[in-house]
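Okay, here's what each chain looks like letter by letter:
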Amino acid sequence: MAVARHESGPVAAGRALASQVHPVFMLPPLATSLFGALLAGEVTVAVAALHAAAMFFAVYTAHVKDGYVDFHVRGEDDDHPLTVGGCRGALVGAGVGFLTCTVGLWLFVGPGAALLTLPTWVIGYTHAPQLDLNPVGATMGYPTGIALALLGGYYAQASALSPRVLGLAAVFLALLTGIKIIDDEKDYDYDRSIDKRTVAVVLGPRRARQLARSLLVAAMVGVVGLAFTLPGVPPTAAGAAVVFGVVAAVAHRAESELATKLLIRGSYLFLAVLVAAVWFRPLG
Ligand SMILES: CC(C)=CCC/C(C)=C/CC/C(C)=C/COP(=O)(O)OP(=O)(O)O
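Remember, predicted model here, so these are calculated numbers, not experimental data. (Residues numbered from 1 in each chain as written. Predicted model: local features only at pLDDT ≥ 70, side-chain atom pairs only at ≥ 80, totals over all residues. Heavy atoms only, no water.)

### A word on the environment of Val247
Relative to the assigned elements, Val247 resides in helix α11 (residues 239–251). When the C-alpha positions of Val247 and Gly145 are compared, they lie 24 Å apart, and in sequence the two are 102 residues distant. Once residues lying within four places of it in the same chain are set aside, the contact partners of Val247 are Leu262, Leu263, Gly266 and Leu269. (Helix = DSSP H or I, 4+ residues; strand = E, 2+ residues; numbered from the N terminus. Contact = heavy atoms within 4.5 Å.)

Okay, here's the thing in structure tokens:
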């Protein structure tokens, strides 16, 4: 069975399959899963690795399915490296990988860890053609996956959830939803032409940007609130809001593409400050 559309042979197949790993989307859930483990305190490395691997397979599934639907089903994309068979094989492989990790979490931690992990694959698999057809699904699928990556990474270590991890998951959800709304502004004309109902298409770019800004502000206020009210979140975690706030201020008036680039980098810094604050707990 041919896997790659443009070349043949195992190397070409491997390259085509690897092309569906998009680091910009892949690294945040892996980092967030590991951050969840760190937040829990004592880290069992094998369990953390199992959960992070499950996140990898969930996001990989989303990309393969998105590419398959956009190119092979809807004919929206100009090109795709995988054949139909290649996409199906990749989906089965990623599904088996995800299932193996989830069963491992069930056996090592318990059903709660598996049940918190499972929805990430469901979100990934239904990203296209189901979730991406409505503004909530198209905007909040990935941010919800990130929030679940944090909750699952934490639960896999602590066998419980806590107000601090729930609070931080809500902060991540708001922050990433805001960034995704701004990101979708850049495809406004195209998305409108294919009836893709992103928030920018439904509300119009100006009101979508206002909504996105409110979500970013809510996330920053939220993290400061958590840092000063919850014992498990060190006060230094408020620095994440300061760092992200500076980036958001620079991105404030930028057009969508530049603003998204800045905000994505800002969100990496946001996470890095949170990790450092929890890791060192200097004032915690
Ligand atoms: C663990 C976790 C984070 C799970 C969530 C997985 C998930 C929904 C990933 C989305 C990745 C993706 C296809 C982005 C492009 O979306 P797009 O629709 O903006 O791209 P397009 O315009 O190219 O179709």
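### A short note on the packing of helix α6 (residues 135–158) against helix α7 (residues 163–185)
Where α6 contacts α7, the two axes come as close as 8 Å, and the packing angle between them is 155°. Between α6 and α7, the angle falls in the class roughly antiparallel. Crossing of α6 over α7 shows right-handed handedness. Listed contacts from α7 to Ala138, Thr139, Met140, Pro143, Thr144, Ile146, Ala147, Leu150, Leu151 and Tyr154 of α6 are Arg164, Val165, Leu166, Leu168, Ala169, Phe172, Leu173, Leu176, Thr177, Lys180, Ile181 and Asp184. In the contact of α6 with α7, the residues fall into 16 nonpolar, three polar and three charged. (Axes fitted to C-alpha atoms, helices over the stretch in contact; angles between N-to-C directions. Parallel < 35°, antiparallel > 145°, perpendicular 65-115°, else oblique. Left-handed = near helix turned anticlockwise from the far one by under 90°. Nonpolar A, V, L, I, M, F, W, Y, C, P; charged D, E, K, R; others polar.)

### Re unusual backbone geometry
As a rule of thumb, non-glycine residues mostly have phi less than zero, and peptide bonds are mostly trans rather than cis. In this chain, Ala128 is followed by Pro129 through a cis amide linkage whose omega measures 5°. Here Pro129 lies in the loop between α5 (111–126) and α6. Although it is not a glycine, Ser159 adopts a positive phi angle of roughly 55°. Of note, the phi angle at Asp195 is positive, near 60°, even though the residue is not glycine.

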